[in-house]
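# Structural overview
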Amino acid sequence: MSQFSFKLPDLGEGIVASEIVEWHVKVGDTVSEDQHIVDVMTDKAVVEVTAPVSGVVAKLACEAGIEIPVGSELILFTLEENSQSAAQDERPPTPVAAPQAVSCLSTNDPVQVLSKTVLSSPSVRRHAREGNIDLSLVSGTGTAGRINNSDLQDFIDNGGQQVSKVAATCSTIDADFASKDIKISGLRRVIAKKMLQATHNIPHYSYIEEIDLTALDTLREHLNKHRKDDQQKLTLLPFIMQTLVKVIRDFPHCNAHYNAETEILTQYSAVDVGIATMTEQGLLVPVIKNTQQLDIWQSAAQLSKITAITRSGGAKAQQLTGSTITITSLGAIGGIATTPIINAPETTIIGINKMQLRPVVIDGKIVIRKMMNLSSSFDHRIVDGYDGALFIQALKTLLENPGAIFV
């Protein structure tokens, strides 16, 4: 009998540690070479890791939700089939303490609202949300209590849907008496680290300008009305993307990465636009590569495709990295202004606020126009305030005269 220790591989340049998202095997399982054994989180992407050998799982490094360094033992395999020896070598993950229960009484039923960290996949969470199920009430049979689809279905089949509704009502009524401790892990932990690093390391400044989009929105509506069946409906974002392509030629330092350690600014000729996208897992930034090679319809198609894949949880690591400039939009939520945080190591982020009708003075008369604010942030080490203002003014000129975007 021999054993093989599989180390956590280097999953990307600069990655020093990864978090275990979900185990797909357990101690004692017989595994085939190239079998999917675990999902790990790295740099905002979930990566599927496969077995390098065939054997029996003798030990797992840790429970899901724990971060381990690259090069440390991920999983231990027994290479010769020997059930007795394998059983002796089994070392299950450290048990998780039972969740604390907070008593909560409604007028008719006693209900327990569980205070625990809920581990589950995006598909399970989506199923729970569609069925109005509180996942904190579901018992998981996976590693570290992770909830899988069969656990959720068992809960529903046993009347759990009604229990969730009562618990939700109870929590609303007696919210002051209930609390929940949630461990920050997975994508949320990655986002937290990146936001802290960006705000700590980058001297941000923001520049906010209002844009008159009346003419552009008229053009957008006209193009949508006459589009072909195979053409994606146009939103505002494809116009912003194409405007960036035009303007960035004169502001190459706004389409760049800055490495503070080497003090090197890398300016890119390709405009790889990151689109900040809210998903069930948290904020992700899928990338539309080589936007300078796309027309307005292709931009819309690529935008629709990549954001849909990202929201469904299917985006791969290469689709979530490599942006040179990022657009973030609050869409209909809008707001008057925001101060977006730069997607390091980039130097510029463009923030879009809500388009709405406002009274505007033109030629001494008050008229109603479709107005929107751009709230953008820059790395002040690279982009001076004057340059940042010129950059946004150049965007403004094209957006207010949309015919020039296509010249």
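Below: a short report on this structure. (Residues numbered from 1 in each chain as written. Predicted model: local features only at pLDDT ≥ 70, side-chain atom pairs only at ≥ 80, totals over all residues. Heavy atoms only, no water.)

## Focus on the sheet that holds strand S3 (residues 30-31)
A sheet is described by the order of its strands in space; here 4 strands give the open sequence S1-S8-S6-S3, paired in antiparallel fashion. The open sheet has two free edges, formed respectively by strand S1 (3-7) and S3, since each of these has just one partner strand. (Pairing = 2+ DSSP bridges. Helix = DSSP H or I, 4+ residues; strand = E, 2+ residues; numbered from the N terminus.)

## Remarks on helix H6 (residues 214-225)
Residues three or four positions apart in an α-helix share a direction because the helix packs 3.6 residues into each turn. Taking 1.5 Å as the rise per residue, H6 with 12 residues should run 16 Å; its terminal C-alpha atoms sit 17 Å apart, in good agreement. What H6 keeps buried is the set Thr 214, Leu 216, Asp 217, Arg 220 and Asn 224. Along the long axis of H6, the arc covered by the buried residues comes to 165 degrees, so they all point the same way. Exposed residues pointing more than 90 degrees away from the buried face of H6 are listed as Thr 218 and Lys 225. Packed against the buried residues of H6 are strand S11 (204-212), helix H7 (236-247), helix H8 (296-311), strand S21 (365-379) and helix H9 (385-400). (Expected span 1.5 Å × (residues − 1). Buried < 20%, exposed > 50% of the residue type's maximum accessible area, 1.4 Å probe, protein only. Arc of directions from axis to C-beta. Contact = heavy atoms within 4.5 Å.)

## What about the pattern of salt bridges?
In the structure shown here, the tally under the stated rule is 10 salt bridges. Lys 370 is the salt-bridge partner of Asp 217, the closest N and O atoms lying 2.6 Å from each other. Of this pair, Asp 217 sits in helix H6 while Lys 370 sits in strand S21, placing them 153 residues apart in sequence. On the basis of relative accessible area, Lys 370 is assigned to the partly exposed category, the value being 25%. Here the salt bridges share partners, and the residues they tie into one network are Asp 217, Arg 220, Glu 221 and Lys 370. (Salt bridge = Lys/Arg side-chain N within 4 Å of Asp/Glu carboxyl O.)

## Let's talk about the pairing of strand S8 (residues 73-78)
When you tally the buried positions in S8, you get 5 out of 6 residues, the bulk of the element. Bridge count between S1 and S8: 5 bridges; the pairing is antiparallel. Residue Phe 4 lies in a different strand from S8, and its bridge partner there is Phe 77. Bridge count for strand S6 (residues 55-60) against S8 is 4 bridges, and the pairing is antiparallel. Bridge pairing links Val 57 to Phe 77 in S8.

## A closer look at the nonpolar core
Counting 42 residues, the largest nonpolar core has Ile 325, Ile 327, Ile 350, Ile 352, Leu 374, Phe 391 and Leu 395 as its most contacted members. Secondary-structure elements contributing two or more residues to this core are S11, H7, strand S14 (273-275), H8, strand S18 (325-329), strand S19 (348-352), S21 and H9. Ranked by the residues each element gives to this core, the list is headed by H7, at 8 residues. Ignoring any residue separated from it by four or fewer positions in sequence, one finds Ile 325 in contact with Leu 244, Ile 248, Cys 254, Asn 255, Val 271, Asp 272, Val 273, Gly 274, Glu 346, Thr 348, Ile 350 and Phe 391. (Core = buried A, V, L, I, M, F, W, Y, C linked by side-chain atoms within 4.5 Å.)

## Topic: the packing of aromatic side chains
Following the criterion strictly, the structure yields 4 aromatic pairs and no others. An angle of 85 degrees between the planes, with centres 6.4 Å apart, marks the rings of Phe 239 and Phe 406 as edge-to-face. One end of the pair, Phe 239, is in helix H7; the other, Phe 406, is in the segment after H9, and 167 residues separate them in sequence. Under the relative-accessibility criterion, Phe 239 is labelled buried at 0%. In this structure Phe 406 comes out as partly exposed when scored by relative accessible area, which is 44%. With a centroid separation of 5.4 Å and an interplanar angle of 75 degrees, the aromatic rings of Phe 251 and Phe 391 are classed as edge-to-face. Here Phe 251, found in the loop between H7 and strand S12 (256-259), pairs with Phe 391, found in helix H9; they are 140 residues apart in sequence, far enough to count as distant. Each member of the pair, Phe 251 as well as Phe 391, carries the same accessibility label: buried. Ring pairing ties together the aromatic residues Tyr 205, Phe 251, Phe 378 and Phe 391, which thus form one cluster. (Phe/Tyr/Trp six-rings, centres within 6.5 Å; stacked < 30°, edge-to-face > 60°.)

## Thoughts on unusual backbone geometry
Of note, the bond from Ala 344 into Pro 345 is cis; its omega dihedral lies within 30 degrees of zero at 5 degrees. One can find Pro 345 in the loop between S18 and S19. Look at Asp 34: it is not a glycine, yet its phi comes out positive at around 75 degrees. Secondary-structure assignment places Asp 34 in the loop between S3 and strand S4 (36-42).

## Notes on the pairing of S18
Here S14 runs beside S18; their pairing, made up of 3 bridges, is parallel. When the bridges of S18 are listed, Ile 275 appears paired with Ile 327. Relative to S19, S18 runs parallel, the two sharing 4 bridges. Bridging from a neighbouring strand, Ser 329 pairs with Ile 352 of S19.

## Some details on the environment of Pro 238
By the element assignment, Pro 238 lies in helix H7. For the pair Pro 238 and Gln 302, spaced 64 residues apart in sequence, the C-alpha to C-alpha distance is 9.4 Å. Once residues lying within four places of it in the same chain are set aside, the contact partners of Pro 238 are Ile 296, Ser 299, Ala 300 and Leu 303.

## Regarding the side chain of Thr 347
Following the sequence through the fold, Thr 347 ends up in the loop between S18 and S19. For Thr 347, the side chain forms a polar contact with the main-chain oxygen of His 253, separated by 2.7 Å. When neighbours within four sequence positions are excluded, Thr 347 is seen to be in contact with His 253, Cys 254, Asn 255, Ala 256, Tyr 258, Leu 265, Ile 342, Ser 377, Phe 378, Asp 379, Ile 382 and Val 383. (Polar contact = N/O pair within 3.5 Å; in protein donor to acceptor, adjacent residues only side chain to side chain.)

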